[in-house]
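Residue-level structure breakdown
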Amino acid sequence: MILRAKSEALFAEALDYIPGGVNSPVRAFRAVGGKPFFVNKAKGCRVWDVDGNDYIDYVGTWGPAILGHAHPKIIAAVKTAADHGTSFGIPNPFEVTMAKLICSLVPSVAKVRMTNSGTEACMSAIRLARGFTKRDKIIKFDGCYHGHGDSLLVKAGSGALTFGNPDSAGVPADFAKHTIVLPFNETEPVKAAFAANKNEIACIIVEPVPGNAGLYLPKPGYLEFLRKITQENGALLIFDEVMTGFRLAPGGAQERFGITPDISTFGKIIGGGLPVGAFGGRADIMDHLAPLGPVYQAGTLSGNPLAMAAGIANMQELVGRNVLIAPRRAEDCPPYRRLELLGARLEAGMKDAAKSAGVPVTFNRCGSMFCGYFTGEPVWNLADAMKSDRERFKKFFHGMLDAGVYLAPSQFEAGFISTAHSEADLEWTLKAAAGVMKTF
Ligand SMILES: *Cc1c(COP(=O)(O)O)cnc(C)c1O
């Protein structure tokens, strides 16, 4: 039994001053029971709680820590930038480097604008799509999360699911009615929605590899289908790559699956652990943004020098420093090759562990993102994900935590491997998993 007395005291205090004691709901451990631990140090693939316990971390600050925590290059970049001032409110050179990096790594992005979060990026991308097409309705998929903007907080995956409350209070029905929510990986409902709303749908927004209801992959041909049907109907295709961008490949899921969306949103990795988001796409669309066009979007701290410096360091470590001269693909970059290798090892090991314990598990993986569902049936969308035995997940989560392995505290979250995870870390994790599953 691991003692977490200091964490418990801090949480008790936090509850008095912060709603639910947390600044983002999934951190509260409501889905798994128990209390969150407080972390005051992270390095490589490990986090340390305030009681001095350490854990092998598969949350990776929910995605950004693809190189592991406190990577020396990122820390040095932030320190150097901070010495020159934390914010200027006027253009800084980092912004140009960042924009060139994103545009050269993601071919569908000709121009890009920075925001302070993935939420802002998705909100702004939707506004832009509406302004560009002069249409109001949007299509999203149930279980996909695109941040907590009003029109997007409808059937929105993990956080909302965890609390058994798919739609948020406070979103006027007048806003939500413009959002059409459909099941992922199914074609007929999408065709029907376009047929029933001729010339009214501005865009489809989709996580190309949905990672906010656990993790499931697009069926072969599904993203191609979304590309084609949007094109045929004068609607835009928005890939929300806040999680998958620079994670699945330098060019994100769109590189991996060979699809060209009209607009893409980013976040997480491009901030190297500082608060960042971005949205970009075709130049003719992006030029509808103020000050060139009629779609307003702004941010006091957008393009912040510390965040840009951290993100640039993160991405340059992934793809090399010469990216502006020679765009790189995943197979050219040692970190992505390693992530694939580690991912395959974890997948094989978890499947073995489940099999030998006789526990039905569907283990989904794409590169360094993964999710094990406690169900024997394949998981292709939210309805499938909901079949997972969540009581088992609770036991599994706490068993793993007691063995020093930190997984996301909800069945409906993806896990992340970083380049800082070693083979030995994976073996420890697999041994722990086998041990926990044998007690079921
Ligand atoms: C995390 C996430 C967001 C929201 O980003 P924040 O920075 O948390 O606002 C949006 N879309 C996807 C796919 C995400 O995973």
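Residues numbered from 1 in each chain as written. Predicted model: local features only at pLDDT ≥ 70, side-chain atom pairs only at ≥ 80, totals over all residues. Heavy atoms only, no water.

**Side note on the overall build of the protein**
Filter applied, for reference: Where helices and strands are cited, they refer to DSSP runs of H or I of at least four residues and of E of at least two residues respectively, numbered from the N terminus. Exposure categories follow from relative accessible area, calculated using a 1.4 Å probe and restricted to protein chains: below 20% of the type maximum is buried, above 50% is exposed, and the middle band is partly exposed. Residues count as neighbours in contact if any of their non-hydrogen atoms are within 4.5 Å of one another. To be clear on the numbers: accessible area is Shrake-Rupley with a 1.4 Å probe, and residue cover counts the displayed protein chains and nothing else.
Along the backbone of the protein there are 15 helices and 14 strands. When burial is assessed residue by residue, the protein has 56% of its 440 residues classed as buried. Once local pairs closer than 6 in sequence are excluded, the contacts in the protein between residues at least 24 apart make up 72%. Total accessible area on the protein stands at roughly 18,200 Å², and carbon and sulfur atoms take up 57% of it.

**What about the sheet that holds strand S14 (residues 415-416)?**
Rules: Note: two strands are recorded as paired if DSSP finds a minimum of 2 bridges between them. A fitted line through C-alpha atoms serves as each axis, taken over the contacting stretch for helices, and the angle formed by two N-to-C directions is quoted from 0 to 180°.
Across the sheet, which stays open at both edges, the three strands sit in the order S11-S12-S14 with antiparallel pairing between neighbours. The open sheet has two edge strands with one neighbour each: strand S11 (362-366) and S14. Taken together, the five bridges between S11 and strand S12 (residues 369-373) define a ladder with antiparallel strand orientation. What sits directly across from Thr-362, in S12, is Tyr-373. Of the strands in this sheet, S11 and S12 touch helix H12 (residues 334-357), which is tilted by about 175° from S11.

**Overview of the domain arrangement of the protein**
The criterion, for reference: Segment limits for the domains were obtained from an automatic or database-derived domain assignment. What gets called buried area is simply the loss in accessible area from a 1.4 Å probe that two parts show on being joined, summed for both. By salt bridge we mean one thing: a side-chain nitrogen of Lys or Arg within 4 Å of a carboxyl oxygen of Asp or Glu. Throughout this description, a polar contact denotes any pair of N or O atoms lying within 3.5 Å of each other; where both atoms belong to protein, one of them has to be capable of donating a hydrogen while the other can accept it, and for residues adjacent in sequence the pair is counted only when both atoms sit in side chains. For this scheme, ten residues count as nonpolar: Ala, Val, Leu, Ile, Met, Phe, Trp, Tyr, Cys and Pro. Four count as charged, namely Asp, Glu, Lys and Arg, and the remainder, Gly too, count as polar.
Each domain of the protein was delimited in the assignment, giving domain 1 (5-70 + 333-437) and domain 2 (72-329). Relative to domain 2, the C-alpha centre of domain 1 lies at a distance of 25 Å. Listed per partner, the contact involves 39 residues of domain 1 and 41 residues of domain 2. When the two sides are added together, the surface that domain 1 and domain 2 hide from each other amounts to roughly 3,200 Å², 67% of it contributed by carbon and sulfur. Viewed at the interface, domain 2 and domain 1 are joined by one salt bridge. Between Arg-256 and Glu-340 there is a salt bridge; the shortest N-O distance is 3.2 Å. Our enumeration of links across domain 1 and domain 2 arrives at 13 residue pairs in polar contact (both at pLDDT 80 or more). Going through the elements one at a time, H12, S11, S12 and helix H13 (382-385) are the ones with two or more residues in the side of domain 1 that touches domain 2. Here the residues of the side of domain 1 that touches domain 2 sort into 27 nonpolar, seven polar and five charged.

**A word on the nonpolar core**
We count it as follows: Only buried residues count toward a nonpolar core. Its members are Ala, Val, Leu, Ile, Met, Phe, Trp, Tyr and Cys residues joined through side-chain atoms within 4.5 Å.
Membership of the largest hydrophobic core comes to 73 residues, with the highest contact counts inside it found for Tyr-58, Ile-102, Phe-246, Ile-270 and Leu-346. Take this core: its biggest share by element is 10 residues, from helix H11 (residues 305-319). Looking at which domains feed residues into this core, each of domain 1 (5-70 + 333-437) and domain 2 (72-329) supplies at least three. With residues near it in sequence (within four places) discarded, Tyr-58 still touches Leu-346, Phe-370, Val-405, Tyr-406, Leu-407, Gly-415, Phe-416, Ile-417, His-421, Asp-425, Leu-426 and Thr-429. Listed in part, the 38 residues of the second largest apolar core include Val-206, Phe-225, Phe-239 and Val-379.

**Side note on the site of the ligand**
For the record, the criterion: Any residue with a heavy atom lying within 4 Å of a molecule or strand is counted as near it.
Lining the immediate environment of the ligand, one finds Ser-117, Gly-118, Thr-119, Tyr-145, His-146, Gly-147, Glu-207, Asn-212, Asp-240, Val-242, Met-243 and Lys-268. At 2.6 Å from an oxygen atom of the ligand is found a side-chain nitrogen or oxygen belonging to Lys-268. Relative to its unbound accessible area of 380 Å², the ligand is 83% covered by the protein chains. Here the shell around the ligand is built from residues that sort into three nonpolar, six polar and three charged.

**A look at the packing of aromatic side chains**
For any two aromatic rings, the description comes down to two numbers: the centre-to-centre distance and the angle of the planes. For the record, the criterion: Here the aromatic set is Phe, Tyr and Trp, taking the six-membered ring for Trp, and pairing holds for ring centres within 6.5 Å; pairs whose planes are under 30 degrees apart are stacked, those over 60 apart are edge-to-face, and all others are tilted.
For the coordinates displayed, the defined rule picks out 17 aromatic pairs. Ring geometry for Tyr-58 and Phe-370: centres 5.8 Å apart, planes at 80°, overall edge-to-face. Taken as a pair, Tyr-58 in the loop between strand S3 (54-57) and helix H2 (72-83) and Phe-370 in strand S12 lie far apart in primary sequence, 312 residues in all. By relative accessible area, Tyr-58 is classed as buried at 0%. Looking at Phe-370, the relative accessible area reads 7%, which means it is buried. Taking 6.2 Å as the distance between ring centres and 70° as the angle between the ring planes, the aromatic pair formed by Phe-141 and Tyr-222 counts as edge-to-face.

**Focus on the pairing of strand S7 (residues 201-206)**
Cut-off, in case you're wondering: For the handedness criterion, the strands are oriented away from the viewer, and a crossover whose path from the first strand over the helix to the second runs clockwise is classed as right-handed.
In terms of residue burial, S7 counts as a mostly covered element, since six of its six residues are buried. Judged from the three bridges that link them, strand S5 (residues 137-141) and S7 form a sheet pairing that is parallel. Looking across to S7, one finds that Lys-137 is bridged to Ile-201. Here S7 runs beside strand S8 (residues 236-240); their pairing, made up of four bridges, is parallel. Pairing of Ile-204 across the sheet is with Leu-237, part of S8. Each parallel crossover has a hand, and for S7 linked through helix H8 (residues 222-232) to S8 it is right-handed.

**Comments concerning unusual backbone geometry**
Put simply, Ala-290 and Pro-291 share a cis peptide bond, and its omega is 10°. A positive phi is found at Lys-134, a non-glycine position, where the angle reads about 55°. Within the secondary structure, Lys-134 is located in the loop between helix H4 (118-133) and S5.

**As for the environment of Phe-396**
Relative to the assigned elements, Phe-396 resides in helix H14 (residues 390-402). The exposure class of Phe-396 is buried, given its relative accessible area of 7%. Not counting chain neighbours up to four residues away, the residues in contact with Phe-396 comprise Phe-374, Leu-407, Ala-433, Val-436, Met-437 and Phe-440.

**A look at empty space enclosed by the protein**
Put simply, the test is: The pocket and cavity definitions rest on a 1 Å grid over protein atoms only: a 1.4 Å probe that fits but cannot leave marks a cavity, an open set with protein on both sides within 12 Å along at least five of seven lines marks a pocket, and residues lining either have an atom within 4 Å of a point. Grid points are joined across faces, edges and corners, and a volume is the space filled by probe spheres set on the points.
Counted under the stated rule, the structure contains two cavities of 30 Å³ or more. Empty space within the largest cavity amounts to approximately 220 Å³. Surrounding the largest cavity, 19 residues form its lining, Phe-370, Cys-371, Gly-372, Phe-396 and Leu-407 being those nearest its centre. Mapped onto the lining of the largest cavity, the elements with two or more residues apiece are H12, S12 and H14. The dominant element in the lining of the largest cavity, judged by the number of residues it contributes, is S12, at three residues. For the lining of the largest cavity, a count of residues per class yields 14 nonpolar, four polar and one charged. The calculated volume of the second largest cavity comes to roughly 40 Å³. For the lining of the second largest cavity, a count of residues per class yields four nonpolar, six polar and one charged.

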